[in-house]
Amino acid sequence: MHTSSPASERGDVSRKALIEAALIEFASHSYHAASNRDIADRAGVNQALIAYHFGGKEGLYLAVFETISERIQSRLQPALQAIADNLAQSESSEAAQERRIELLQGLFESLVRLFADPGLKTSAQLVLQEQQQPTRAFDILYRRFMCEALQRVTDLVQLLRPEKSRDEVSLLVITLVGQALVFRAARTTVLRHLQWDDIKPAQLQAILQQVRANVLALLSPQD
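The rules behind the values
Residues numbered from 1 in each chain as written. Predicted model: local features only at pLDDT ≥ 70, side-chain atom pairs only at ≥ 80, totals over all residues. Heavy atoms only, no water. Helix = DSSP H or I, 4+ residues; strand = E, 2+ residues; numbered from the N terminus. Buried < 20%, exposed > 50% of the residue type's maximum accessible area, 1.4 Å probe, protein only. Axes fitted to C-alpha atoms, helices over the stretch in contact; angles between N-to-C directions. Parallel < 35°, antiparallel > 145°, perpendicular 65-115°, else oblique. Left-handed = near helix turned anticlockwise from the far one by under 90°. Contact = heavy atoms within 4.5 Å. Nonpolar A, V, L, I, M, F, W, Y, C, P; charged D, E, K, R; others polar. Polar contact = N/O pair within 3.5 Å; in protein donor to acceptor, adjacent residues only side chain to side chain. Salt bridge = Lys/Arg side-chain N within 4 Å of Asp/Glu carboxyl O. pLDDT = per-residue confidence, 0-100.

1. Here we look at the overall build of the chain
Turning to step 1, where the next piece is worked out: Broken down by element type, the chain carries 10 helices and zero strands.
Turning to step 2, where the next piece is worked out: Starting at the N terminus and ending at the C terminus, the chain contains elements arranged as α-α-α-α-α-α-α-α-α-α.
Turning to step 3, where the next piece is worked out: Expressed along its principal axes, the backbone C-alpha trace of the chain runs to roughly 65 × 50 × 30 Å.
Turning to step 4, where the next piece is worked out: Residues counted as buried form 41% of the 223 residues belonging to the chain.

Right, here's the structure in full:
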């Protein structure tokens with residue numbers, strides 16, 4: 001039976017510590033302003049380990065986005081898998097269409113919970129930075145979960161709104177994503193407008209209820 005050596009375990013610990021420290025430093029100071037020394041100090045390891053584990057600062061930055069992608073993907077995977085399973089079927093009954101709306105409501109609820117989660121604030125800051133000034137790190141985000149997620153949702157919405165062209169459906173999907181993203185990208189504006197001091201459980205439930213209503217209104221068959 002294979003067991004990890006103490007040196008290997010220490011290497012895993014130091015690697016993870018550097019990723020967590022870099023996540024904070026890059027979000028707080030940007031890629032260019034964050035220094036290897038500050039990252040290593042925050043991680044409590046020797047600065048030379050950045051080159052050893054990641055080949056340098058850029059490699060560490062990309063590793064941070066691999067970690068962010070894994071975390072987001074794990075949060076959304078159950079809802080996305082349910083959509084994939086539904087797409088594999090060919091039902092077109094009224095009950096099947098109602099089920100598809102429920103699946104999309106579930107996904108967008110998951111997105112709202114994700115974007116509203118204060119524990120993901122730092123990761124969200126980095127993702128938003130890449131949205132504004134994309135680097136190779138954005139390719140990781142898009143390849144690891146964004147592209148597949150958007151494709152699945154677009155395919156499902158197309159089944160619900162067959163009268164729309166693919167371009168129209170794609171734009172509709174983006175607007176649906178935007179209703180969830182606003183709770184992170186424009187959080188301060190949201191809180192100020194709604195006169196909330198934070199998104200607490202009661203506020204989150206109100207948001208989720210509204211999102212479900214929006215999805216139903218936009219995706220229900222049109223008379």
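Once the structure has been displayed, the description carries forward.
2. As for the packing of helix H5 (residues 94-116) against helix H8 (residues 166-185)
Turning to step 1, where the next piece is worked out: Axis separation between H5 and H8 bottoms out at 7 Å; the angle between their running directions is 20°. Viewed along their axes, H5 and H8 adopt a mutual orientation that is roughly parallel. Considering the relative orientation of H5 and H8, their crossing is right-handed. Facing Phe108, Leu111, Val112, Phe115 and Ala116 of H5, the residues of H8 in contact are Leu176, Val177, Ala180, Leu181, Phe183 and Arg184.
Turning to step 2, where the next piece is worked out: Considered class by class, the residues forming the contact of H5 with H8 number 10 nonpolar, no polar and one charged.

3. Some words on the side chain of Arg184
Turning to step 1, where the next piece is worked out: Along the chain, the position of Arg184 falls in helix H8.
Turning to step 2, where the next piece is worked out: Here Phe115 takes part through its backbone oxygen, which lies 3.0 Å from a polar atom of the side chain of Arg184.

4. Concerning the pattern of salt bridges
Turning to step 1, where the next piece is worked out: On inspection of all chains with the given rule, the structure shows 13 salt bridges.
Turning to step 2, where the next piece is worked out: A salt bridge links Arg152 to Glu148, with the nearest nitrogen and oxygen atoms 2.3 Å apart. A residue pair is termed a helical-turn pair when its members lie 3 or 4 positions apart in one helix, as Arg152 and Glu148 do in helix H7 (residues 136-160) at four residues.
Turning to step 3, where the next piece is worked out: Using a relative accessible area of 15% as the deciding quantity, one classes Arg152 as buried.
Turning to step 4, where the next piece is worked out: Residue classification places Glu148 among the partly exposed positions, given a relative accessible area of 39%.
Turning to step 5, where the next piece is worked out: Between Arg187 and Asp198 there is a salt bridge whose closest N-O contact spans 3.2 Å. Taken together, the residues span a long stretch of sequence, with Arg187 in helix H9 (residues 187-194) and Asp198 in the loop between H9 and helix H10 (201-219) at a distance of 11 residues.
Turning to step 6, where the next piece is worked out: Of the residues examined, Arg187 reaches a relative accessible area of 14% and is grouped as buried.
Turning to step 7, where the next piece is worked out: With a relative accessible area of 33%, Asp198 lands in the partly exposed category.
Turning to step 8, where the next piece is worked out: Because the salt bridges share partners, they merge into one network encompassing Glu66, Arg143 and Arg144.

5. Re unusual backbone geometry
Turning to step 1, where the next piece is worked out: Residue Ser30 is not a glycine yet carries a positive backbone phi of 75°.
Turning to step 2, where the next piece is worked out: By the element assignment, Ser30 lies in helix H1 (residues 6-33).
Turning to step 3, where the next piece is worked out: Positive phi, close to 60°, is recorded for Gln195, a residue that is not glycine.
Turning to step 4, where the next piece is worked out: Examined against the element boundaries, Gln195 turns out to sit in the loop between H9 and H10.

6. Section: the confidence of the model for the chain
Turning to step 1, where the next piece is worked out: In the predicted model, the chain carries a mean pLDDT of 92, and 95% of its residues have values of at least 70.
Turning to step 2, where the next piece is worked out: Helix H2 (residues 36-43) holds the highest mean pLDDT among the elements of the chain, 97, whereas H1 holds the lowest, 88.

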